[in-house]
Amino acid sequence: MPGDDRPPARWLAAIALVAVYGWWAVGLTPFSWEATVAIVGAGLAAVGWAVWRRDRADTRTRSVAGVTLGSARARRSGLVPWVLLAAAAAVWQLAAYVQHPRDDHPTLSSLANAALESHAARTAAFVVWLVTTVALVRR
Amino acid sequence: MIRLVTLAGYAVIVAAAIGLEIAARRRGGASFGDALAVVLRPWPARLVVVAAWLWLGWHLFVRVDSG
């Protein structure tokens, strides 16, 4: 995980464990309670673990590395392009969403569904999602 | 044809994001990480982003038929 000093081997083992869990979880029946608990529960567990790790980290170090330094670099003028890009993406996605048929106006969801058709791709995406969850909380 | 236009729009947005990131790293501007740090600074905003992220996981891995 970002900013962690654990040996890579332990992280690789953790990722492998998550992948095995993900392989099982993404194969559960869609819309079932089991699938919801398996996926959202894993996400919440990742959030909880990240908060616990974050609290254990040295506050001063975290401030310098993650927030203070980063935000200092991010001058308001520099953020404008990112805001405009996010707005453009939202408008484009919304425009596709309200139009039909979906084949002609694919949304990000429909594109993701197509990309994640195979079990292996869904498992890989699950691992990436879970790792990103931890990074978002610890950032 | 309409599908291609829609996909081209997404591609342009992704290309613009990559271009912005490269430009930020070369010129010392605000990178995506910097922008995200600003968004995540207030804890209510962080809560909303994390909740939205969890919803995305549900949306991608629970809602969709894997069959």
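Residues numbered from 1 in each chain as written. Chains lettered and ligands numbered in written order. Predicted model: local features only at pLDDT ≥ 70, side-chain atom pairs only at ≥ 80, totals over all residues. Heavy atoms only, no water.

### Points about the interface of chain B and chain A
Item 1. Taken together, the contact pairs 41 residues of chain B with 51 residues of chain A.
Item 2. Roughly 4100 Å² is buried in total at the junction of chain B and chain A, and carbon and sulfur atoms are behind 69% of that figure.
Item 3. When the area that chain B buries against chain A is broken down by residue, the three leading residues are Tyr10, Trp53 and Phe61 of chain B, summing to 19%.
Item 4. Our enumeration of links across chain B and chain A arrives at 14 residue pairs in polar contact (both at pLDDT 80 or more).
Item 5. Those elements that place two or more of their residues in the side of chain B that touches chain A are α1 (2-27), α2 (32-40) and α3 (43-61) of chain B.
Item 6. For the side of chain B that touches chain A, the element with the highest residue contribution is α1 of chain B, accounting for 13 residues.
Item 7. Residue composition of the side of chain B that touches chain A, grouped by class: 25 nonpolar, nine polar and seven charged. (Contact = heavy atoms within 4.5 Å. Buried area = accessible area lost by both parts, 1.4 Å probe. Polar contact = N/O pair within 3.5 Å; in protein donor to acceptor, adjacent residues only side chain to side chain. Helix = DSSP H or I, 4+ residues; strand = E, 2+ residues; numbered from the N terminus. Nonpolar A, V, L, I, M, F, W, Y, C, P; charged D, E, K, R; others polar.)

### A closer look at the pattern of salt bridges
Note that side chains of opposite charge can pair when their charged atoms are close.
All names here are of chain B.
Item 1. Per the stated rule, a full pass over the model turns up one salt bridge over all chains.
Item 2. For Arg25, the salt bridge is made with Glu21, and the minimal N-O distance between the two is 2.8 Å. Taken together, the residues Arg25 and Glu21, both in helix α1 and four residues apart, mark about one turn of the helix.
Item 3. We classify Arg25 as exposed; its relative accessible area is 65%.
Item 4. Glu21 sits in the buried class, given a relative accessible area of 16%. (Salt bridge = Lys/Arg side-chain N within 4 Å of Asp/Glu carboxyl O. Buried < 20%, exposed > 50% of the residue type's maximum accessible area, 1.4 Å probe, protein only.)

### Quick word on the nonpolar core
Here is a general trend for soluble globular proteins: nonpolar side chains tend to be buried in one another's company.
Item 1. Counting 23 residues, the largest nonpolar core has Ile39, Phe126, Trp129 and Leu130 of chain A together with Phe61 of chain B as its most contacted members.
Item 2. Residue assignment for this core shows that the elements contributing at least two residues are α2 (33-56) and α6 (119-138) of chain A together with α3 of chain B.
Item 3. Among the elements that line this core, the one with the most residues is α2 of chain A, at seven residues.
Item 4. In contact with Ile39 of chain A, other than residues within four places in its own chain, are Ala25, Val26, Phe126 and Trp129 of chain A together with Gly57, Trp58, Phe61 and Val62 of chain B.
Item 5. Leu79 and Trp82 of chain A together with Ala30 and Ala35 of chain B belong to the second-largest nonpolar core, a separate cluster that totals six residues. (Core = buried A, V, L, I, M, F, W, Y, C linked by side-chain atoms within 4.5 Å.)

### Section: the confidence of the model for chain A
Item 1. For chain A, per-residue confidence averages 86 on the pLDDT scale, and 81% of positions sit at 70 or higher.
Item 2. The low-confidence segment residues 62-67 of chain A (pLDDT under 50) makes nine contacts with residues lying over four places distant or belonging to another chain. (pLDDT = per-residue confidence, 0-100.)

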